[in-house]
Amino acid sequence: MSQPINRYKADLRDFRFVLFEQFQMQDLLGKGPFANWGREEVETVLDEVYSWATKVLGPLNAVGDAQGCRLENGQVYTPPGFKEAWKSLFDAGWRSLAIEEKHGGQGSPFTLATVAEEIMCGANTAFNMYPGLTQGAADIIMNFGTPEQQKTYGDKMLHGVWSGTMCLTEPQAGSDVGSATTKAIRRPDGTYNIVGTKIFISGGDQDLTDNIIHLVLARTDDAPQGTKGLSLFIVGKKRPDGSPNDVAVGGIEHKMGIKASSTAILNFGENGECVGELVGTEEQRGIQQMFVMMNYARIGVGIQGLAVASSAYLNALEYAKDRRQGSSIKQWKDATAPRVPIIEHPDVRRMLLDMKSRVEGIRALAVKLTMHLDRAKIEPEKADYHNGQVDLLVPLLKAYSSDQAFEICATAIQTYGGAGYLKDWPVEQYCRDAKIFSIYEGTNHIQALDLVGRKLSQKGGANVQAFAKEVGAFVAANKEHPVFKDAIAQLGAAMESITSTAMRFLMWFNGGKMELVPLAANRFLEMMSEATIGWLLLDAAVIADKAMAGLPEGHPDRAFYTGKRYAAQYFANNVLPTVAAKAALIAKEERTPIEIPDNAFATI
Ligand SMILES: Cc1cc2nc3c(=O)[nH]c(=O)nc-3n(C[C@H](O)[C@H](O)[C@H](O)COP(=O)(O)OP(=O)(O)OC[C@H]3O[C@@H](n4cnc5c(N)ncnc54)[C@H](O)[C@@H]3O)c2cc1C
């Protein structure tokens, strides 16, 4: 059997550009909670995480896809190599970068941990689900658990001794989390008996850790219906004393992608002996506790999309430089003309530039967002503004990145041609792995409803106004730019369409046309994401343009900066104009999906 090889690729020059040239991470370093961090440390971590991920995780990606997880006698086994990778990950310390020092972490900016997350996800998305969810669950316990719970559970989870899961979904409660029926029955000693079934639980069982801490949403008998009545419980696969806890694996799902991430059906309390502890001391706080951490989970899914899309693009690029097929269009009449690498064909170049601009634009969006979180910590007087921008941008990152990931992977397959459809190359796995990102952690329609129903009007519209002001200032400052003025005008027009469409939503809300809001919500999220990405790509291009002016001919950075300029131009010319077109479609108040009778969809 051939040795498994790493296929993950990352453009670390782009990471450095976004961190230090575009978003000025150096402003934070050496200050406040980041006092121990300097630029050199950040750059070293970047290089080392990349080196570790390509050596340890990358080679296991296709192996995990081919072998998946298996369930034997109620125990799930992960693919070969995963157990060793888990140990290696926690030994290396890559999960503790942004954890506070008082909890044994390294206290880095969250942005650095996010960039590391991109690398680890890109190298092996399925593997990264286990530690990613563990961190999310640990964060909830560290934020809301009692000191005792933090010590008993949280500390062990943060350091990879135990893992964690999030158990929300039930057969009848998917998007509608509030219809969960799992029961929590009070016991005299203050703990609870948990009874119910959760489905689709990522990492619900595995053989990586000795114990698994499930965070389970459940309802006490006297609690109200809906999300408000839900409480959150810590339910170990084993109890703290090491005895088994009546949590049974009912099965694992056979899926399209992320096959090495176990997705389990969990039966709690089949024998009436599943003991859970309330997180903290108050019942009916479950949804608030989950919601506080939800921004992080949604950022995580946005990063998953970016990670996979980026490696799909870079693999397609390498293939396009190598594969020879057909002759140059310039010699189309000459049957004897030499075969050229497919990167010379205009349509292949279009696909490559399309992928490049989207990937780099989404990375800029991700880093902008996480830099707001980090800046809020060192500029407490502006924390309200920074946190407001985070709230506004989270649905864009989660939904746009995950939708685009699937599209970009499909474009990468198209770039390869037939080879891309084969398992010999990584892009078909990427495409299958990527589809789930638009579904879990709130489907992308749920993200769109969050944007139009909550985020636009949050703080009386102050967050969205601050955002529009920032873009407006950029447009005003650069509208006479010698290279980009037409592109900047496109951005200005896109922003006008965003504002007018937001006003239209308000009109619909107030004017009895409520049903049009969900119909147009996904399109609006796409418009706003594209305007944001267009802005950030142009911002990068203006920076690159300036930086290039000072570089001698032949300097290696000239090619990098040139790429930034072209990516922005391409996006402004080909994507930004569609924002106004989408606004015009929304303005038509088109209702066919609502009006068509159910039985007219098909007569079967
Ligand atoms: C691989 C995988 C891993 C997962 N991991 C976890 C996990 O670790 N923990 C966990 O708790 N869950 C997990 N899930 C579950 C996941 O979060 C749900 O699948 C998701 O929330 C959607 O719920 P559903 O599948 O029941 O679809 P449904 O809610 O039935 O939705 C079906 C369709 O209807 C739409 N829809 C639903 N309600 C509305 C509405 N009110 N308005 C408009 N449209 C609506 C949806 O957008 C979607 O298009 C996982 C799922 C998968 C497949």
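Before any of the text, the structure's been laid out above.
Right, let's walk through the structure included here.

Quick notes on the rules
- Residues numbered from 1 in each chain as written.
- Predicted model: local features only at pLDDT ≥ 70, side-chain atom pairs only at ≥ 80, totals over all residues.
- Heavy atoms only, no water.
- Helix = DSSP H or I, 4+ residues; strand = E, 2+ residues; numbered from the N terminus.
- Rg over C-alpha atoms; globule rule 2.2 N^0.38 Å.
- Buried < 20%, exposed > 50% of the residue type's maximum accessible area, 1.4 Å probe, protein only.
- Pairing = 2+ DSSP bridges.
- Core = buried A, V, L, I, M, F, W, Y, C linked by side-chain atoms within 4.5 Å.
- Contact = heavy atoms within 4.5 Å.
- Disulfide = S-S within 2.5 Å.
- Near = heavy atom within 4 Å.
- Polar contact = N/O pair within 3.5 Å; in protein donor to acceptor, adjacent residues only side chain to side chain.
- Areas by Shrake-Rupley, 256 points an atom, 1.4 Å probe, with all protein chains shown as cover.
- Phe/Tyr/Trp six-rings, centres within 6.5 Å; stacked < 30°, edge-to-face > 60°.
- Lys NZ or Arg CZ within 6 Å of the ring centre and 35° of its normal.

Secondary structure summary: the protein chain contains 18 helices and 10 strands in total. Here the protein chain has a C-alpha radius of gyration of 25 Å; the compact-globule value for 604 residues is 25 Å, and the two agree. A principal-axis box enclosing the C-alpha atoms of the protein chain has dimensions of 80 × 65 × 65 Å. When the 604 residues of the protein chain are sorted by exposure, 56% land in the buried category.

Among the 11 residues that make up strand β5 (residues 192–202), eight are buried, leaving the element largely enclosed by the rest of the structure. Relative to β5, strand β4 (residues 183–186) is paired through four bridges, and the arrangement is antiparallel. Looking at β5, one finds that Ile185 is bridged to Asn193. Linkage of β4 to β5, two consecutive antiparallel strands, is achieved through a turn of five residues, within which Gly190 is found at a positive phi near 95°. Sheet topology places β5 next to strand β10 (residues 275–278); two bridges connect them, and they run antiparallel. Looking at β10, one finds that Asn193 is bridged to Val275. Note that β5 and strand β9 (residues 263–268) share five bridges and pair antiparallel.

Nonpolar side chains in soluble globular proteins tend to end up buried together. Judged by nonpolar contacts, the single largest core of 160 residues is most densely connected at Met25, Ile194, Phe268, Leu352, Phe524, Met528 and Leu538. At 19 residues, helix α15 (residues 516–549) tops the list of elements feeding residues into this core. When neighbours within four sequence positions are excluded, Phe524 is seen to be in contact with Leu451, Val452, Leu456, Ile498, Thr501, Ala502, Phe505 and Ile586. Core analysis: the second largest hydrophobic core is formed by 24 residues, Val177, Leu232, Val279 and Met290 among them.

In this structure the tally under the stated criterion is zero disulfides. Residue Cys121 stays outside any disulfide, its sulfur separated by 13 Å from that of Cys409, the closest cysteine. Cysteine Cys431 remains unbridged, with the sulfur of Cys409 as its closest cysteine sulfur at 5.4 Å. Taking relative accessible area as the criterion, Cys431 reaches 10% and is therefore assigned buried.

As a matter of local geometry, the ligand sits amid 17 residues, with Met166, Thr169, Ser175, Phe200 and Ser202 nearest to it. Within the contact set of the ligand, an oxygen atom lies 2.6 Å away from a side-chain nitrogen or oxygen of Ser175. Burial of the ligand by the surrounding chains reaches 62%, relative to a free accessible area of 970 Å². Secondary-structure elements contributing two or more residues to the shell around the ligand are β3 (163–167) and β5. Considering every element that reaches the shell around the ligand, the biggest residue donor is β5, with three residues.

Glancing now at the packing of aromatic side chains. What describes a pair of aromatic rings is the distance from one ring centre to the other and the angle between the planes of the rings. Applying the stated rule across the entire model yields 16 aromatic pairs. Ring centres 5.8 Å apart and planes at 80° place the aromatic pair Phe467 and Trp535 in the edge-to-face group. A residue pair is termed long-range when its members are at least 10 positions apart, and Phe467 in helix α13 (residues 462–478) and Trp535 in helix α15 qualify at 68 residues. Residue classification places Phe467 among the buried residues on the basis of a relative accessible area of 2%. Taking the relative accessible area as the measure of exposure, Trp535 reaches 6% and is therefore buried. Between Phe505 and Phe524, the aromatic rings sit 5.3 Å apart at their centres with planes inclined by 85°, giving edge-to-face as the arrangement. You can see Phe505 sitting in helix α14 (residues 485–510) and its partner Phe524 sitting in helix α15, a full 19 residues away along the chain. Note on accessibility: Phe505 and Phe524 belong to one class, buried. An aromatic cluster of three or more residues is present, and its members are Phe17, Phe560 and Tyr561. Over the ring of Phe15 we find Arg363, and its NZ or CZ is 4.5 Å from the ring centre.

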